[in-house]
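An overview of the molecular structure
Chain by chain, the residues:
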Amino acid sequence: MKGVMLGIAPNVRFVDLTHGISAQDVGAAAFWLTRSAPYFPVGTVHLVVVDPTVGTRRRAIAARAFDQYFVGPDNGVLALPSAPDERVVAVELDVATASRTFHGRDVFAPAAAKLASGTPIDGLGPRIANWSTRGVTPSELGELEIVGRVETVDHFGNLLTNIELPPGAVVKEVHCQGHVLPWGRTYADVEKGKALALLNSWGLVELAVCCGSAASVVGAGPGEEVAVHLAPGQRR
Amino acid sequence: MKGVMLGIAPNVRFVDLTHGISAQDVGAAAFWLTRSAPYFPVGTVHLVVVDPTVGTRRRAIAARAFDQYFVGPDNGVLALPSAPDERVVAVELDVATASRTFHGRDVFAPAAAKLASGTPIDGLGPRIANWSTRGVTPSELGELEIVGRVETVDHFGNLLTNIELPPGAVVKEVHCQGHVLPWGRTYADVEKGKALALLNSWGLVELAVCCGSAASVVGAGPGEEVAVHLAPGQRR
Amino acid sequence: MKGVMLGIAPNVRFVDLTHGISAQDVGAAAFWLTRSAPYFPVGTVHLVVVDPTVGTRRRAIAARAFDQYFVGPDNGVLALPSAPDERVVAVELDVATASRTFHGRDVFAPAAAKLASGTPIDGLGPRIANWSTRGVTPSELGELEIVGRVETVDHFGNLLTNIELPPGAVVKEVHCQGHVLPWGRTYADVEKGKALALLNSWGLVELAVCCGSAASVVGAGPGEEVAVHLAPGQRR
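Here's a quick rundown of the structure. Every value quoted in this text rests on a predicted model; they were computed, and no experiment measured them.

Observations regarding the packing of aromatic side chains
- Overall, the coordinates contain 9 aromatic pairs over all chains when judged by the stated rule.
- In this structure an aromatic cluster arises from ring pairing among Phe31, Trp32 and Trp202 of chain A together with Phe102 of chain C.
- Above the plane of the ring of Trp202 of chain A lies Arg105 of chain C, whose end atom (NZ or CZ) is 5.5 Å from the centre.

What follows is the structure, given as structure tokens:
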């Protein structure tokens, strides 16, 4: 893919965001892209190839959204906002001459390189009015409890959830898989090997183990239910 | 190695083709280099360090072949054509002052950086007339069957063979390790977890499992025999 | 982190030294940084985030040392010389507005990008007079024996020790975990699968297995004692 891109855009600069997404894990890829893209400069082209249905009728697309570009399969991995959104322009890419097993090399890399070298989005194909988005179940906000789930596991074994805290919320403790985790501010707030929950650097509730793996210690993975217990009388 | 190269060629651009080759697997490295190099621009310098016999009498070499450059140990990993070939110029690199365990840093990186910054190939050492090539056993083409083998396994667990199909061939099914795999066009032509065979993006027969690992499901790895059964009356 | 840096220093060039350090292994990170930094050009900014105590009172620092820069947590990972050393200028970075779990993104990346784009070290914070260093236990040099330990294991399974040889020393054999390893010059000096010890490309005694893993065959890892037996009458 990089060879193809260098042939089209000799001065393109590559950043490998991650090679750590498990095979076919569209959800994890969308999660990390969503969290990382805002930290990249205006004009960045994000190229994603987590593409288990390559070669089927799923579309190949490119989009301009929020002053950045996104190129990949139309399977939700690009983490675009639900249509319609006037800040998003999306087009369908032609796959007629591509292999049926590697659109990364044959479709997405050329499109990304063209965007990086100045081709306008409309030069890549006809506009489309909708695109796939992943059905994220938002966490449920009760009076004294927020129930969500583990979204993904990072390479330390930290369990990242979909739970954001409402303003002023004071957390008492966090429940997951029968474990009751104390609330902390950073990983080393507990002893080595002990579990805690905290608000991570993306503003999400995260379960962690000091110098260890929460995935192992808590015995949980993506989809596992997490309940955040709030202290009464603190909200608002 | 990159530090050494930046000291010699401050404007060199690095592309890491793969860090996923298993230790000492010269065959897998040669396979992927052969498949990837043609997608890179003219003038690209390919530097390969899969080098189990570093420090022995095996030579260190550099070559210009097909408007690109190749630098590494003379153990077949550079996937050069069999000598003599007038499109290939190869030279031997001096290892006299190098460590005996890391020619990547001490020999190949300096040579690659010099090529990248314009030193002609003959400036790196005396010409040599031959070099190692890997003895690839071509697949056997019968009337209704092509017999080949698994060349390598990719990180999805797909089994990539050395079998190309003759023009007009129609595949009935593919046999491997007692499994009979249907022929398909792309990974999602079968249900999740089911195996199939297809022609991959390099024009080779590949065994795959939809959203899974053919290496696990079929129970095969490099060297395993694969037989492609053709439909009668279709060829030529 | 790279997105943040590109926003500050659009022309910065990234080299990923390694993503293979085990979680929280400050010692391995310091070992490889120490061995690799001298091969990089003058002015290189080394950014290290092996940071198990992020968010605690451990300081975030940047330093100029030996014409290069080092940015990271003050936990010994930066492998700076013991203070005071007139060739080292170190400053403390402000963490007041940072998340408590990801100083790599919020503190170290901005500081490194500023250094890469020309901000002087004193523009990053107030000078500090001391910093953490790792208490490396030097190997013990006896008359006919040097006793040291395994510092780290590389991805081949080679065991790298802290043992350097005195000038003129002739090694008889090396002992570790009840194994007696012959002394060699390079990996292929023994048969495949056999263990040996040698002087590696950093001038350290290393235990290796030809086309295999010394970590598995010898059954050792970081901290394991290693004894180098010298031939009598050869030194000095």
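Back to the write-up after that little detour.
Topic: helix α2 (residues 26-36) of chain A
Residues and elements named next belong to chain A.
- Of all 11 residues in α2, 9 are buried, a share of seventy percent or more.
- Buried within α2 we find Val26, Gly27, Ala28, Ala29, Ala30, Phe31, Trp32, Leu33 and Ser36.
- Looking at the buried positions of α2, the neighbouring elements they touch are β1 (45-47), β3 (68-73), β7 (145-153) and β8 (159-161).

Considerations on the sheet that holds strand β2 (residues 60-65) of chain C
Residues and elements named next belong to chain C.
- In space, the 5 strands of this open sheet follow the order β1-β3-β2-β4-β5, with mixed pairing throughout. The sheet is open, and its two edges are formed by β1 (45-47) and β5 (127-128), each paired on a single side.
- Against the sheet, helix α3 (residues 103-116) engages β1, β2 and β3 (68-73), with an angle of about 170° to β3.

A look at the interface of chain C and chain A
- Counting residues at the interface gives 22 residues for chain C and 17 residues for chain A.
- Buried surface at the junction of chain C and chain A, summed over both partners, amounts to about 1600 Å²; 62% is from carbon and sulfur atoms.
- Considering only the side of chain C, the residues that lose the most area to chain A are Arg100, Thr101 and Arg105 of chain C, jointly responsible for 33% of the buried surface there.
- Counting every contact that joins chain C to chain A gives 0 salt bridges.
- Seen at the junction of chain C and chain A, the total is 8 residue pairs in polar contact (both at pLDDT 80 or more).
- Top element by residues in the side of chain C that touches chain A is helix α1 (residues 2-8) of chain C. It accounts for 5 residues.
- Class assignment for the residues of the side of chain C that touches chain A results in 9 nonpolar, 9 polar and 4 charged.

What about the sheet that holds strand β5 (residues 127-128) of chain B?
All names here are of chain B.
- Across the sheet, which stays open at both edges, the 5 strands sit in the order β1-β3-β2-β4-β5 with mixed pairing between neighbours. Whereas interior strands pair on both sides, the edge strands pair on one side only; in this sheet they are β1 (45-47) and β5.
- By the bridge criterion, 5 bridges tie strand β2 (residues 60-65) to strand β4 (residues 88-92) in an arrangement that is antiparallel. Note that in β4 the partner of Ile61 across the bridge is Glu92.
- Packed onto the sheet, helix α3 (residues 103-116) meets β1, β2 and β3 (68-73) and runs at close to 170° relative to β3.

A few points about the relation of the copies chain B and chain A
- With an RMSD of 0.0 Å, the fit of chain B onto chain A corresponds to turning through 120° and sliding 0.0 Å along the axis. In short, the pair behaves as if placed about a three-fold rotation axis.
- The overlap is low: 6% of the interface residues of chain B also sit at the interface in chain A, so different surfaces are used on the two sides.

Digging into the side chain of Gln68 of chain A
All names here are of chain A.
- Within the element layout of this structure, Gln68 appears in strand β3.
- A polar contact is formed between the side chain of Gln68 and the backbone oxygen of Pro41, at a distance of 3.2 Å.
- Ignoring sequence-local partners within four residues, the contact set of Gln68 consists of Ala37, Phe40, Pro41, Gly43, Thr44, His46 and Ala63.

What to know about the pattern of salt bridges
All names here are of chain B.
- Evaluation of the coordinates by the stated rule reveals 21 salt bridges over all chains.
- For Arg59, the salt bridge is made with Asp74, and the minimal N-O distance between the two is 2.9 Å. Here the residue Arg59 occupies a position in the loop between β1 and β2, and Asp74 occupies one in the loop between β3 and β4, the gap between them amounting to 15 residues.
- Using a relative accessible area of 9% as the deciding quantity, one classes Asp74 as buried.
- Notably, a salt bridge pairs Asp122 with Arg127, separated by 2.8 Å at the nearest N-O pair.
- Arg127 sits in the exposed class, given a relative accessible area of 54%.

Things to note about the relation of the copies chain C and chain A
- The two copies are related by a screw motion: chain C maps onto chain A through a turn of 120° and a shift of 0.0 Å along the axis, at an RMSD of 0.0 Å.
- Taken as a fraction of all interface residues of chain C, those also at the interface in chain A reach only 5%, which identifies the copy contact as different-surface.

Observations regarding the interface of chain B and chain A
- Listed by partner, the interface residues are 17 residues for chain B and 22 residues for chain A.
- Contact with chain A buries area across many residues of chain B, yet Arg13, Tyr39 and Ser201 of chain B alone supply 32% of it, more than any other trio.
- Looking at the side of chain B that touches chain A residue by residue, the class counts come to 11 nonpolar, 4 polar and 2 charged.

Quick look at unusual backbone geometry
- A positive phi is found at Asp67 of chain B, a non-glycine position, where the angle reads about 65°.
- Mapped onto the elements, Asp67 of chain B comes out in the loop between β2 and β3.
- Asp67 of chain B gets classed as exposed once you look at its relative accessible area, which sits at 53%.
- Its identity as a non-glycine residue notwithstanding, Phe66 of chain C has a phi of 55°, on the positive side.
- Mapped onto the fold, Phe66 of chain C is located in the loop between β2 and β3.
- For Phe66 of chain C, a relative accessible area of 42% corresponds to the partly exposed category.

What counts and how
- Residues numbered from 1 in each chain as written.
- Chains lettered and ligands numbered in written order.
- Predicted model: local features only at pLDDT ≥ 70, side-chain atom pairs only at ≥ 80, totals over all residues.
- Heavy atoms only, no water.
- Phe/Tyr/Trp six-rings, centres within 6.5 Å; stacked < 30°, edge-to-face > 60°.
- Lys NZ or Arg CZ within 6 Å of the ring centre and 35° of its normal.
- Buried < 20%, exposed > 50% of the residue type's maximum accessible area, 1.4 Å probe, protein only.
- Helix = DSSP H or I, 4+ residues; strand = E, 2+ residues; numbered from the N terminus.
- Contact = heavy atoms within 4.5 Å.
- Pairing = 2+ DSSP bridges.
- Axes fitted to C-alpha atoms, helices over the stretch in contact; angles between N-to-C directions.
- Buried area = accessible area lost by both parts, 1.4 Å probe.
- Salt bridge = Lys/Arg side-chain N within 4 Å of Asp/Glu carboxyl O.
- Polar contact = N/O pair within 3.5 Å; in protein donor to acceptor, adjacent residues only side chain to side chain.
- Nonpolar A, V, L, I, M, F, W, Y, C, P; charged D, E, K, R; others polar.
- Least-squares fit on C-alpha atoms with pLDDT ≥ 70 in both.

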